[in-house]
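The primary structure of each chain is shown beneath.
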Amino acid sequence: MSTLDSPGTPGTPDAPLWPEEFAERYRAAGWWRGETFGQMLRDRAAAHPDRIAVVDPARDLRWTYGELDLRADRLAAGFLARGIAKGDKVVVQLPNIAEFFETVFALFRIGALPVFALPAHRETEIRYFCEFTEAAAYVVPAEHAGFGYRDLAAKVVADVPTLRHVFVADGDGGAFEALSDVPAEPVTIPDPPAPSDLAFLQLSGGSTGVPKLIPRTHDDYIYSLRGSNELCGVDESSVYLVALPAAHNFPLSSPGSLGALYAGARVVLCPRPGPEAAFPIIESEGVTLTGLVPPLALLWTDAAASTPYDLSSLDVLLVGGAKFSEEAARRVKPALGCTLQQVFGMAEGLVNYTRLDDDAETIVTTQGRPISPDDEIRVVDDEDNDLPVGATGHLLTRGPYTIRGYWKAPEHNARSFTADGFYRTGDVVRLTESGHIVVEGRAKDQINRGGEKIAAEEVENHLLAHPSVHDANVVAEPDPYLGERTCAYVILREGAEPLKAVAVKKFVRERGLAAYKVPDRVEFVTAFPQTGVGKISKKDLRAAATSSPSPASPPPSPHT
Ligand code: OOB
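Residues numbered from 1 in each chain as written. Predicted model: local features only at pLDDT ≥ 70, side-chain atom pairs only at ≥ 80, totals over all residues. Heavy atoms only, no water.

S.K.: Got a minute to help me understand the environment of Tyr-149 in this structure?
M.R.: Assignment of secondary structure puts Tyr-149 in helix α6 (residues 149-159). Residues Tyr-149 and Thr-290, 141 residues apart in the sequence, show an inter-C-alpha distance of 28 Å. Ignoring sequence-local partners within four residues, the contact set of Tyr-149 consists of Gln-93, Pro-119, Arg-122, Val-140, Pro-141, Ala-142, Glu-143 and His-144. (Helix = DSSP H or I, 4+ residues; strand = E, 2+ residues; numbered from the N terminus. Contact = heavy atoms within 4.5 Å.)

Written as structure tokens, this is what we have:
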């Protein structure tokens, strides 16, 4: 039995937290300062009520800190009046709109936990999040990227008895309640959360059949914001552009929108991450920093050469979520005129940044160093033996903002964490003499499709649900634009009618899965390669996918 599921484990039965000796150490070191998100916004609003906090240019909204604070108070009162209380889970599936912040700060204040879904998620994922967390409410946009979320909500509500409320954040509620009808006169919050309480549940990219949920506390997450702000040069004069989906850990906290709000800076929301939407906003709002996944960073560097927009306000471009190639990294500064900052992070915690004053070679060839002096990094072999500096191995980590276990997943936790609490990241890395990390690969069964993570097992399970499919394996194949994309190898049942690849893709899509999880390529085979001990060799499948790339197809889009 691991120490994580032993009776003495700190935290709630659902969420293992840090043992007291670690918590004490992190407090004594000044990493955990006893702050909460609710109070943080209150303090900033008190200090500078008239400063702009959130700009939603697509909808012509500009909220000051004072306004955001009041909106969060009023919405919190309305949520409480509807019976949403401390500890309740609320699935928040909002695109980059101002109401995202009003909603999450209202929930933070009452101690209800946002469960961060992405706009790309569909029925299967949302139903799972709602069921697994026994969510009390679900917050959706009316429409985003041509998709109507009220219909999605209607399907989910019908299946999940705990779901008492659906709120439509940016329009007419239809069969549900419009979020704009919820706010009420502010009330005293009966039992506000403590800094050591959970603040929200974040999604893991994962490598298992269903995504794991990541419990983050106010104390630990706020420390990662403060640390990030320091390393990314964020202060009250900064303007952070949320180009990636707002709920993802990277644009939320590295240093992200919440880092910017912590600093009293300005958050600007970009409705879509491409240069056509982002460049005019950079010019008009004087954006100073933003974060992108590598395929978007490539698009931006290409587009910058001929843009009529003035991008000179941009000081720092953070790139992470997937490996940024050295060649692409070299192009950032000449093309965009800003400093590149590589970021290698994970929703489970650990975030590494190249430093703004690192030499140019370090910036383009490494994925940075941890935020905290108390981030413990181990690089180990397959038997967990520590390797010498420079050797390539598995990255394990433990520290003041890295979780000690997933939410309600004791069996998985016993595998994903060592007995003494190190998280097994599944990343294969090496350390340089200067302590910088170079990401060399991955040991987890996941596809990193331009920063979007796809658990092979999850997609395989959906393929196996097809009546004609006998067996399926999903692997990554190289893609010049996304870095990786998915290739599904499928064995049909004996005697089954032949299937076309498009029919398989359609089947997966119709099972209500986010579009980025639908295999980019489907290959029919009669057998899978095996390892010496008779297990299916994903390594050989990956090699097969790499050596027989599919015919040229239009570039798939990241983060739509
Ligand atoms: C970020 O978070 P997640 O949770 O979506 O994904 C984490 C995984 C890492 O374990 C690693 O496999 C990969 O994404 N990754 C990178 C990378 N940054 C993330 N692989 C290579 N190079 C990089 N620079 O993706 C995330 C969270 C916070 C900040 C930035 C990214």
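S.K.: Can you help me understand the sheet that holds strand β21 (residues 423-431) in this one?
M.R.: To summarise the sheet geometry, strands pair through backbone hydrogen bonds and adopt either a parallel or an antiparallel arrangement. As summarised here, the arrangement of the four strands in space is β19-β20-β21-β22, forming an open sheet in which the pairing is antiparallel. If you trace the sheet from one side to the other, it starts and ends with β19 (376-380) and β22 (437-442), each paired once. Pairs of neighbouring strands in the sheet enclose a mean axial angle of 45°, with direction left out of account. Looking at chain direction, strand β20 (residues 393-398) and β21 are connected through four bridges and run antiparallel. (Pairing = 2+ DSSP bridges. Axes fitted to C-alpha atoms, helices over the stretch in contact; angles between N-to-C directions.)

S.K.: In this structure, what is going on with the site of the ligand? I would like to understand it.
M.R.: Inspection of the region around the ligand gives 19 residues, with Val-343, Ala-347, Asp-427, Lys-444 and Lys-453 positioned closest. Between the ligand and His-248 there is a distance of 3.0 Å, counted from an oxygen atom to a side-chain nitrogen or oxygen. Ala-347 places a polar main-chain atom, nitrogen or oxygen, 2.9 Å from an oxygen atom of the ligand. For the ligand, whose accessible area on its own is 600 Å², the fraction buried by protein is 96%. Mapped by element, the contributors of at least two residues to the shell around the ligand are α8 (249-253) and β16 (339-346). (Near = heavy atom within 4 Å. Polar contact = N/O pair within 3.5 Å; in protein donor to acceptor, adjacent residues only side chain to side chain. Areas by Shrake-Rupley, 256 points an atom, 1.4 Å probe, with all protein chains shown as cover.)

S.K.: Hey, could you run me through the packing of aromatic side chains in this one?
M.R.: Remark: the centre distance and the inter-plane angle together describe each pair of aromatic rings, the angle taken between the planes. Across all of its chains, the model carries 23 aromatic pairs by this definition. The interplanar angle of 85° and the centroid separation of 4.8 Å between the aromatic rings of Phe-147 and Tyr-149 together place this pair among those described as edge-to-face. Relative accessible area serves as the criterion here: at 23%, Phe-147 is assigned to the partly exposed category. Tyr-149 sits in the buried class, given a relative accessible area of 1%. An aromatic cluster is present here, built from Phe-37, Phe-100, Phe-101, Phe-105, Phe-108, Phe-116, Phe-200 and Tyr-221 joined pairwise through their rings. Its end group placed over the ring of Phe-22, Arg-404 keeps NZ or CZ at 4.4 Å from the ring centre. (Phe/Tyr/Trp six-rings, centres within 6.5 Å; stacked < 30°, edge-to-face > 60°. Buried < 20%, exposed > 50% of the residue type's maximum accessible area, 1.4 Å probe, protein only. Lys NZ or Arg CZ within 6 Å of the ring centre and 35° of its normal.)

S.K.: Would you mind showing me how to read helix α2 (residues 37-47) here?
M.R.: What sets the pattern is the α-helix's 3.6 residues per turn: residues three or four places apart point alike. Residues of α2 that are buried include every one of Phe-37, Gly-38, Met-40, Leu-41, Arg-44 and Ala-45, and no others. Viewed end-on, α2 has its buried residues packed into an arc of 165°, placing them on one side of the element. Projecting away from the buried face of α2 at angles above 90 degrees are the exposed residues Ala-46 and Ala-47. Against α3 (65-81), α4 (99-110), β10 (198-203), α7 (218-232) and α9 (256-262) lie the buried residues of α2. (Arc of directions from axis to C-beta.)

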